[in-house]
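Chain and residue survey
Chain by chain, the residues run as shown.
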Amino acid sequence: MNKLKTYFDYASATPVDERVLEVMTPYFSQYFYNPSSLSLPAKQVAKDVADARARVAHWFGSRPTEVVFTAGGTEADNLAISGVMRQFPDSNLIVSAIEHEAVLRPAAQYDHRIVSVNKDGLVDLAKFEKLIDGKTVLISIMYANNEVGTIQPIRQIAKILQKVRTERSKSGNNLPIYLHTDACQAANYLDLHTSRLGVDMMTINAGKIYGPKQCGALYVKAGTRLQPQVLGGGQEKGLRSGTESVANIIGFAEALDLVQSSRSDETARLYELQSFFLSQINQKLPNALVNGTMKYRLPNNIHITLPGQDNERLLMELDEQGIMCAAGSACSASSAEPSHVLRAIGLNETGARSSLRFTMGRYTGKEGITLAVKALSEIIPG
Ligand SMILES: Cc1ncc(COP(=O)(O)O)c(C=O)c1O
């Protein structure tokens, strides 16, 4: 994996772990059966899917029946947002200004409010609380941001909602209030235990945790009223029809086991590399400004503004040297708009267009970081 030495775009894609690939492969040939079929080998495949569901549920601290497999993070986010909002059409929802488009786009179809973040990139809890009214049925606030890596205070948000629930039951308002969190960027490094977090729904995807793309899961707490978005044969307890993507699901469970069981060591290793990266930047790029708090942040994220520079040009020049990073979120890379996340934390358009994201992962080491910062300092005229 030497070629990954100078890869700094783990937030957009992670290479599939060889151990994951190995457990997936037989499900493309030897065990190709449809888990809904009644033959003995098909029943075995159904058992394997059930086992994968139980393994995912283990990390969620949930029941296996509370795990819905989807075709990735976008679909899980859409199911959470539209699934609730279509059940409660007269209600409203609150999302943060720095959500991924997979949350913002579905939210925009309904009566929604957007809670701002401060310049650190953290949700303003006082403002958040004021936005809740008697018709708010859903809150969707991401666990960790995909651009600046900031970690949101989900437990505190859950506590606020607990208070709202108590007030509602006293005043006779029967409307539920659900908390959804998009944890796609968090699953490598943070605790996913849903009752410790206090969430009702949580999205993760396999493509960010060294597993296959187009595979994800939505945790749906028992009792959450959700309308399915993909209708058909009734798989996934009716919440997501379609023949299960068996190989992907098996690989997803393996990938989640691997990242969650090694997460404390990997987190410590990456926090050290993050400090090293910052010290290199301070030495070689003294004009660089760091975006977002360093205190509540994923260990693999460095985000900087290089005043006066055009990030797309920098990106291309780095790419020519085999150094891969990102200028916005990869999912909106085709968009001409400057990043909504950077705008939300107070950067102007020029600042947003002068910013680069470096995200590290399993194959990142000091050598690659030194090379990247050196290359960048040589591109930028002193
Ligand atoms: C925070 C977040 N949510 C959702 C998604 C979308 O996930 P997927 O590409 O699996 O649909 C991504 C992917 O970039 C993400 O970073």
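Summarised in this report is the structure supplied together with it.

Re helix α8 (residues 246–261)
In this model α8 runs 23 Å from its N-terminal to its C-terminal C-alpha over 16 residues, within 8% of the 22 Å that 1.5 Å per residue would give. With 15 of its 16 residues buried, α8 lies for the most part within the structure.

Overview of the packing of aromatic side chains
Per the counting criterion, the structure on display carries ten aromatic pairs. Residues Phe-8 and Phe-358 carry aromatic rings whose centres are separated by 5.8 Å and whose planes lie at 75° to one another, so their mutual orientation is edge-to-face. You can see Phe-8 sitting in the segment before α1 (18–24) and its partner Phe-358 sitting in strand β10 (residues 355–359), a full 350 residues away along the chain. Its relative accessible area of 0% is what places Phe-8 among the buried residues. Among the aromatic side chains, those forming a connected cluster through ring pairs are Tyr-7, Tyr-10 and Tyr-210. It is Arg-362 that lies over the ring of Tyr-210; its NZ or CZ is 3.9 Å from the centre.

Describing unusual backbone geometry
Residues other than glycine seldom take positive phi values, yet Gln-214 does so here, at roughly 60°. Summarising the element assignment, Gln-214 is placed in the loop between β6 (201–205) and β7 (216–220). Relative accessible area serves as the criterion here: at 58%, Gln-214 is assigned to the exposed category. Its identity is not glycine, yet Glu-236 carries a phi of approximately 50°, on the positive side. Inspection of the secondary structure puts Glu-236 in the loop between β7 and α8. Accessibility expressed as a relative area gives 9% for Glu-236, which makes it buried.

A look at the site of the ligand
Taken together, 13 residues lie near the ligand, and Gly-73, Thr-74, Asp-182, Gln-185 and Lys-208 sit nearest. Thr-74 places a polar side-chain atom, nitrogen or oxygen, 2.5 Å from an oxygen atom of the ligand. The contact in question runs from an oxygen atom of the ligand to an N or O atom on the side chain of Lys-208, over 2.7 Å. Bound to the protein, the ligand loses 87% of the 390 Å² it would expose on its own. Per element, the largest residue contribution to the shell around the ligand is three residues, and it comes from helix α3 (residues 73–85).

Some thoughts on the pairing of strand β3 (residues 112–115)
For a regular strand, side chains alternate in direction, first toward one face of the sheet and then toward the other. Two elements, strand β2 (residues 92–96) and β3, share four bridges in a ladder whose sense is parallel. When the sheet's bridge partners are listed, Val-95 is paired in β3 with Ile-114. The parallel pair β2 and β3 is bridged by helix α4 (residues 101–107), and the resulting crossover is right-handed.

Quick notes on the nonpolar core
Residues Phe-128, Phe-358 and Leu-376 are the most contacted members of the largest nonpolar core, which totals 96 residues. The greatest single-element share of this core, amounting to ten residues, is contributed by α8. For Leu-376, the residues in contact, after removing those within four places along its chain, are Leu-285, Ile-304, Leu-306, Leu-314, Leu-318, Leu-356 and Phe-358. Val-84, Leu-104, Tyr-110 and Leu-175 belong to the second-largest nonpolar core, a separate cluster that totals 23 residues.

Details of the pairing of strand β9 (residues 301–305)
The buried count for β9 comes to five of five residues, which makes it a mostly enclosed element. The alternating pattern of β9 places Asn-301, His-303 and Thr-305 and Ile-302 and Ile-304 on opposite faces, both of which are buried. Looking at chain direction, strand β8 (residues 289–290) and β9 are connected through two bridges and run antiparallel. Residue pairing for β9: Leu-289 is matched across the bridge by Thr-305. Across five bridges, the pairing between β9 and β10 is antiparallel.

Section: the sheet that holds β2
Read across the sheet, seven strands follow the order β1-β7-β6-β5-β4-β2-β3 without closing on themselves; strand pairing throughout is mixed. Only two strands of the sheet have a single partner each, and these edge strands are β1 (67–70) and β3. Ignoring strand direction, the axes of neighbouring strands in this sheet form an average angle of 20°. Bridge count for strand β4 (residues 136–140) against strand β5 (residues 178–182) is three bridges, and the pairing is parallel. Its bridge partner lying in β5, Ile-139 is registered against Leu-179.

Here we look at the sheet that holds β9
Read across the open sheet, the three strands follow the order β8-β9-β10; overall the sheet is antiparallel. Strands at the two margins of the open sheet, each flanked by one partner only, are β8 and β10. The strands touched by helix α9 (residues 263–284) within the sheet are β8, β9 and β10, with β9 carrying the most contacts at an inclination of about 20°.

Let's talk about the packing of helix α2 (residues 40–60) against α8
Running from N to C, α2 and α8 point in directions that differ by 30°, and their axes come no closer than 9 Å. Judged by the inter-axis angle, α2 sits roughly parallel to α8. In this structure, α2 meets α8 at a crossing whose hand is left-handed. Counted together, Val-45, Asp-48, Val-49, Ala-52, Arg-55, Val-56 and Trp-59 of α2 and Val-246, Ile-249, Ile-250, Ala-253, Glu-254, Leu-256, Asp-257, Gln-260 and Ser-261 of α8 form the full contact between these two elements. By residue class, the composition of the contact of α2 with α8 is ten nonpolar, two polar and four charged.

Some points on helix α10 (residues 311–320)
Every α-helical turn comprises 3.6 residues, leaving residues that sit three or four positions apart pointing alike. Buried within α10 we find Asn-311, Leu-314 and Leu-318. Projected down its long axis, α10 shows its buried positions confined to an angular sector of 60°, all on one face. Counted as exposed and oriented over 90 degrees from the buried face of α10: Met-316 and Glu-320. If you follow the buried residues of α10, they end up packed against α12 (349–352), β10 and α13 (366–379). Just downstream of α10, Gly-322 is the residue with a positive phi angle, here 80°.

Rules behind the numbers
Residues numbered from 1 in each chain as written. Predicted model: local features only at pLDDT ≥ 70, side-chain atom pairs only at ≥ 80, totals over all residues. Heavy atoms only, no water. Helix = DSSP H or I, 4+ residues; strand = E, 2+ residues; numbered from the N terminus. Expected span 1.5 Å × (residues − 1). Buried < 20%, exposed > 50% of the residue type's maximum accessible area, 1.4 Å probe, protein only. Phe/Tyr/Trp six-rings, centres within 6.5 Å; stacked < 30°, edge-to-face > 60°. Lys NZ or Arg CZ within 6 Å of the ring centre and 35° of its normal. Near = heavy atom within 4 Å. Polar contact = N/O pair within 3.5 Å; in protein donor to acceptor, adjacent residues only side chain to side chain. Areas by Shrake-Rupley, 256 points an atom, 1.4 Å probe, with all protein chains shown as cover. Pairing = 2+ DSSP bridges. Right-handed = clockwise from strand over helix to strand, strands pointing away. Core = buried A, V, L, I, M, F, W, Y, C linked by side-chain atoms within 4.5 Å. Contact = heavy atoms within 4.5 Å. Axes fitted to C-alpha atoms, helices over the stretch in contact; angles between N-to-C directions. Parallel < 35°, antiparallel > 145°, perpendicular 65-115°, else oblique. Left-handed = near helix turned anticlockwise from the far one by under 90°. Nonpolar A, V, L, I, M, F, W, Y, C, P; charged D, E, K, R; others polar. Arc of directions from axis to C-beta.

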